[in-house]
Structure formats: C-alpha cells, structure tokens
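Now for the letters of each chain:
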Amino acid sequence: MPTIPTADEILDRSFRRAAAKMKEKRNKDRANNEFLMSVTASVHDKLVSIIQKFPEMEELPPFYFQMVDILYGVERLKKALGAVGWAAKNTREKGYQLSAKMRRSDDKIAVRKQGVARIASIVHQVDGELRFLNQVRNVLRKLPHVSDEYTVVVAGYPNVGKSSFIQLVSTATPEVAAYPFTTKGVILGHRNEPAGRVQFVDTPGILDRPADERNPIEKQALCALMNIADAILFIIDASEHCGYQFEEQEQLRAEVEEMVSVPMVTVINKSDLVKKEGYMLMSTKSSEGVDEVLTALLAYQSGYPAQHLARSAMILESSTPEETTLEYSKPFYWEVEEKDSDKTDESLERDLQD
Ligand SMILES: Nc1nc2c(ncn2[C@@H]2O[C@H](COP(=O)(O)OP(=O)(O)O)[C@@H](O)[C@H]2O)c(=O)[nH]1
Ligand SMILES: [Mg+2]
C-alpha cells in the first residue's frame, strides 16, 4: 500500500503536471481550458486511486480488522474514505462546470483561476481525512505479518523465556515486529512441520502489569491477539529471576485462560535453575524438555484449519454486527453526502500567478 499524500502534495503534483503541459501550447485560450481539465483529471484520478488502493476492511484477516477497529474505528475509516470519494466527485463536477463557463467567458484566465481555487478548496477540505488514512496505512503496514496458519501465542510475564523459546523452535530467524499500542517489539517465528507451517507469536508488553491497570486499548488488543491463537503456550519462571513471583504468574495464567477458548499448555521454564512438581518442565538454556512442549502444542494442530476458520468467521461477525452486510464496494464513494464547498482557497493562487 503506497503512502497517502496530503492535500498539498496532491495539488502540487497536479498543478506541476498541468503547468508543464500548458507551456507547450501555442493557443492560450485552449491552454487555459486544458490546464483546468488536466488539474481536474489528475486530482480526481489521484483521489480515486487512494480509495482503490486502500485495503477493503471486510477482506482483511480478522486480526488486522480488529486492530484497525480498536485503534481507529472502522466506521471512522469508512467516513474518511467516503470524504475522499466526495472530494473526487466534486472535483470532477466543478472542473467540468468551470470549463463550460470558460468557453463562454471573455476572461479565461480569471475562470481558470477560479476553477483551480475551487478544486484546491475541495481537496483541502479532506486534508485531515487524507492524513488520517495515511496514519492508518502506516499502522497496517507495521503490524506483524500474521499468516493464516496454525498459530501458537506465547504468553507470560517479561523475562520468563518467551523469546528464547520462539528462537529455539523456529526454523528461520524470527521476524521482529511492532505493535502500535506498545513500544516493545515482539517476535514472530515459524517452523515447518509435516502437518503444515506453524507460527509462534510473542505477546507484546501488555502482560507486565495487573489486568486492572491495562487501558481499554491494551485490553482489546490483548483480546485480538488471543483471538488469533489456535493454542496458547503459557510460560512460568519458577526461579522468579524474571522479577515476578510464582503466585503472580499463576494469577496471570488464570486470567489468560479465562480470556481464551483454545487449548493452553503451561510450562515451567528455567528448569536448570528451579524445578516444580506437577508441571511440565523445560529449559530453553539446555533445551531440556523443549521437544515435549512442542509435541504438546502440535497435538492440537490436527484440528487446523477447520476450527481456526470457524473461529475467525465468528470474530468477524461479533465485532461488526451490522457492518458485515454493509456494501463496501469501490463505487460507494459516489453515494456519499454532499459537503458545502463554496469556500474558496486563495493560498494556491499565488503559485499560479502568471
Ligand atoms: N537459566 C536460564 N535462563 C533462561 C532460560 N530461558 C531464558 N533465560 C534467560 O532469561 C532472560 C529472559 O529471556 P527472554 O527469552 O528474553 O524472555 P521474554 O522476555 O519472556 O521473551 C534472558 O536473560 C535469558 O537468557 C532458561 O531456561 N534458563
Ligand atoms: Mg521477549
């Protein structure tokens, strides 16, 4: 998805192109009209292409859909796209209107200026929406590349050994990704298994404090993350070297278990330091017990993708009860409501002084 330009960037580019074309023209009356038509076409086409290149929300995998909804609101996003559509439609209408007016007018330069100012004003009215769309685009681009494959979400307090585990079991070097709601990077690892590829997703730094201290965005983000899991691996550090007491870690485990409906495997890591009765044990340092943990996690892979797809569909429906049936096809931008566009913009006229 390309960067979304600001209003000024769209206008600058369109004016520069039109001006270059105008220089070549001998007949000045024709040139004035062609300048206006060129600006009209290039602004209109750019705005339409922004809408067309923006991903369809309903086609996004549930994880991305939810992330966008949590952070920005899908409704607001649709409004922004609608506003850009409105600007495209209006630009074209005003351009044609003024071109017709120019043919009848004696002062063609004045009409050209009027037309250009009108188009600049229309585009400036959606500058905020363009900037907003670019912000969403930047977040979408940075989200980890969560694929539609058997997914193990690795949870637990910081420093219990989550990253060490993912590194150890991943075939290739894990990808380091960013979540928009935390400064901490998370890692994403992959492993090839006879039953298909497995991905391991780290939890971001939102599990490092009690549930009631998490803000609503963090809570929802955590939920979205848990929703992509086909299985959870919960890691406890019984040595407490991680800085969290065993009881605290057990509490978090109960909280996470409450949050999900998928199988959860709990393991005590750092068994080279401390062992605990009644738990599965491993040490990512000595690799002891790691194969057994993997086997336990892969035992649930046989249910994939049937269970996974059923759940994904459920998540999509539950997060947007009304919108799922909403027609969100490309031409929707023609139907958006009219805005008042009688305001003119003088700022661009200075660039167009003869
Ligand atoms: N002794 C010991 N240290 C470990 C083990 N696994 C991880 N560590 C150490 O614990 C620290 C945190 O590990 P890390 O994987 O970054 O934890 P994360 O924050 O949960 O991802 C690092 O210094 C690791 O070297 C283990 O099995 N035994
Ligand atoms: Mg880590």
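See above for the structure.
Residues numbered from 1 in each chain as written. Chains lettered and ligands numbered in written order. Predicted model: local features only at pLDDT ≥ 70, side-chain atom pairs only at ≥ 80, totals over all residues.

Here we come to the overall build of the protein chain. When its secondary structure is counted, the protein chain shows eleven helices and seven strands. Within the protein chain, buried positions represent 34% of all 354 residues. (Helix = DSSP H or I, 4+ residues; strand = E, 2+ residues; numbered from the N terminus. Buried ≥ 20, exposed ≤ 12 C-beta atoms within 10 Å, placed from the backbone.)

Right, let's get into the site of ligand 1. Taken together, 15 residues are adjacent to ligand 1, and Gly-161, Lys-162, Ser-163, Ser-164 and Lys-285 come closest. The biggest single contributor to the shell around ligand 1 is helix H7 (residues 162-169), with three residues. Grouping the amino acids of the shell around ligand 1 by side-chain chemistry returns three nonpolar, eight polar and four charged. (Near = placed C-beta within 6 Å. Nonpolar A, V, L, I, M, F, W, Y, C, P; charged D, E, K, R; others polar.)

Another point: unusual backbone geometry. What you tend to see is this: most non-glycine residues have negative phi, and most peptide bonds are trans. For Asn-159, which is not glycine, the phi torsion reads 70 degrees and is therefore positive. Mapping Asn-159 onto the fold places it in the loop between strand E1 (150-155) and H7. The residue Ser-287 is not glycine, and still its phi comes out positive at about 70 degrees. With respect to the helices and strands, Ser-287 occurs in the loop between strand E7 (280-281) and helix H10 (290-298). Given 11 C-beta atoms within a 10 Å radius, Ser-287 is considered exposed.

This part covers the pairing of strand E6 (residues 264-269). Sheet topology places strand E5 (residues 231-237) next to E6; six bridges connect them, and they run parallel. Paired with Asp-237 across the bridge in E6 is Asn-269. Of the crossover connections in this fold, the one passing from E5 over helix H9 (residues 246-259) to the parallel E6 is right-handed. Sheet topology places E6 next to E7; two bridges connect them, and they run parallel. Each bridged residue has a counterpart across the sheet, and for Ile-268 the counterpart in E7 is Leu-281. (Pairing = 2+ DSSP bridges. Right-handed = clockwise from strand over helix to strand, strands pointing away.)

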